[in-house]
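Here are the chains, one letter per residue:
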Amino acid sequence: MDVIDLLLAQHALIRDLFDEVEQAAPEQRGEAFTRLVRLLAVHETAEEEIVHPYARRKIDAGDAVVEDRLAEENEAKQLLQQMDQAGVEDPAFMDNLLLLRGSVEAHARAEERYEFYKLRAHTTEAERRTLATGVKAAEAMAPTHPHPGTESATKNMLMGTPIAMMDRARDAIRQAMGTKS
Ligand SMILES: [Fe+2]
Ligand SMILES: [Fe+2]
């Protein structure tokens, strides 16, 4: 598995999950939103831990490209944290969801254009396979449509605030990549 393909597939999945939250009946909205938060948490954390550091070294003006992406990610993270705190019952939830979607999707497009395609041109297949290991380890913590009976195990792995999920995902990624101290 190629890390770039994997991340592009996650971008598509994130768009699908935004659709699901938007279209969910009010009583199902919370569960759909939790799936979205989980995937965003593992996706952005995997990029921060694995892909951005690599891009800094491998692509032209890598530091500047990555700093711009981190600023976008932080903006989205703050809104996500706010929405999670206010809950899906909050009257502003759907408006905030649109804002979040706009910011996350613009960020994903910038990543694809300025980072991923360049990274693909400047890395070998073997490098991209190695980088995929950590992304896959994180992704396993965020099944988007879990099989019956596995949901509670997943919940134990990734629950709480978005920040808590990101911390947990970071641990799993470092363990998978052998960089845990
Ligand atoms: Fe990102
Ligand atoms: Fe991304």
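Read on for an overview of the structure. In this text the structure is predicted, and so the values were computed from the model without any measurement.

1. Quick look at the side chain of Asn96
Tracing the sequence through the fold places Asn96 in helix H4 (residues 93-121). For Asn96, a relative accessible area of 17% gives the class buried. Those residues in contact with Asn96 that sit more than four places away from it in its chain are Leu79, Met83 and Asp90.

2. Here we look at the packing of helix H1 (residues 3-23) against H4
Orientation of H1 relative to H4, taken along the N-to-C sense of each, is 170°, at an axis distance of 11 Å. Of the possible angle classes, the one that applies to H1 and H4 is roughly antiparallel. Remark: the crossing between H1 and H4 carries left-handed chirality. Taken together, the residues of the contact of H1 with H4 sort by class into 16 nonpolar, 1 polar and 9 charged.

3. A short note on the coordination of the iron ion (ligand 2)
Those protein atoms acting as donors to the iron ion (ligand 2) are His11 (NE2), His43 (NE2), Glu47 (OE) and Glu111 (OE), and they sit at 2.0 to 2.2 Å. Geometry at the iron ion (ligand 2) is irregular, judged from the 4 donor atoms that bind it and their angles of 79 to 174° at the metal. Written as a sequence motif, the donor residues of the iron ion (ligand 2) are H-x31-H-x3-E-x63-E. In this structure the iron ion (ligand 1) is found 3.3 Å away from the iron ion (ligand 2), and Glu47 serves as a bridging donor for the pair. Separated by 36 residues along the polypeptide, His11 in helix H1 and Glu47 in helix H2 (residues 26-58) bring together distant segments of the chain. Taken individually, His11 and Glu47 each receive the classification buried, so the pair is uniform in this respect.

4. A closer look at the nonpolar core
In this structure, Val3, Phe33, Leu36, Val42 and Leu100 are the most contacted members of the largest nonpolar core, which totals 48 residues. Put simply, the parts of the chain that give this core at least two residues each are H1, H2, helix H3 (62-86), H4, helix H5 (125-139) and helix H7 (162-177). Broken down by element, this core gets its largest block of residues, 13 residues, from H2. Sequence-distant contacts of Leu36, that is, excluding residues within four places in its chain, are made with Ile14, Leu17, Phe18, Val21 and Leu97.

5. As for the packing of aromatic side chains
The full count for this structure, using the stated rule, is 1 aromatic pair. Taken together, a centroid distance of 5.0 Å and an interplanar angle of 90° make the contact between Phe33 and Phe93 edge-to-face. Remark: Phe93 occurs in helix H4 and Phe33 occurs in helix H2; sequence separation between them is 60 residues. Side by side, Phe33 and Phe93 carry an identical accessibility label, which is buried.

6. Points about the coordination of the iron ion (ligand 1)
Around the iron ion (ligand 1), the protein contributes the donor atoms Glu44 (OE), Glu47 (OE), Glu73 (OE), His107 (NE2) and Glu111 (OE), at 1.9 to 2.2 Å from the metal centre. Mapping the donors of the iron ion (ligand 1) onto the primary sequence yields the spacing E-x2-E-x25-E-x33-H-x3-E.

Calculation criteria
- Numbers given to residues run from 1 along each chain, matching the order in which its sequence is written.
- Whichever chain is written first becomes A and whichever ligand is written first becomes 1, with later ones labelled in order.
- This being a predicted model, a pLDDT of at least 70 is required before a residue's local features are given, and a value of 80 or more before pairs of side-chain atoms are given or counted; all residues contribute to the totals for chains, interfaces and linings.
- Processing note: side-chain calculations cover all non-hydrogen atoms of the structure and skip hydrogens and water entirely.
- Put simply, DSSP marks the helices as runs of H or I at least four residues long and the strands as runs of E at least two long, and each gets a number from the N terminus on.
- Only protein chains enter the accessibility calculation, which uses a 1.4 Å probe. A residue is then buried if its area is under 20% of the maximum for its type, exposed if over 50%, and partly exposed in between.
- When checking whether two residues touch, look at their non-hydrogen atoms; a contact exists if any pair is within 4.5 Å.
- Angular values range over 0 to 180 degrees, each being the angle between N-to-C directions of two axes fitted as lines to C-alpha atoms, with helices fitted over their stretch in contact.
- An angle below 35 degrees is read as roughly parallel, one above 145 as roughly antiparallel, one from 65 to 115 as roughly perpendicular, and any other as oblique.
- By convention, the crossing between two helices is left-handed when the near helix turns anticlockwise from the far helix through less than a right angle, and right-handed when the turn is clockwise.
- Residue type decides the class: Asp, Glu, Lys and Arg count as charged, Ala, Val, Leu, Ile, Met, Phe, Trp, Tyr, Cys and Pro as nonpolar, and the leftover types, Gly among them, as polar.
- The rule for donors is simple: an N, O or S atom within 2.8 Å of the metal counts, and for Na, K and Ca the reach is 3.2 Å. Water is not among the atoms, so a site may look short of donors.
- The geometry test gives tetrahedral to four donors whose angles all lie between 85 and 135 degrees, gives square planar to four donors and octahedral to six donors whose opposite members are over 155 degrees apart with all other angles between 65 and 115, and gives irregular to the rest.
- Nonpolar cores were defined as sets of buried Ala, Val, Leu, Ile, Met, Phe, Trp, Tyr and Cys residues, with membership established by side-chain atoms within 4.5 Å.
- Pairing of aromatic side chains requires ring centres within 6.5 Å, counting the rings of Phe and Tyr and the six-membered ring of Trp. Pairs whose planes differ by under 30 degrees are stacked, by over 60 edge-to-face, and all others tilted.

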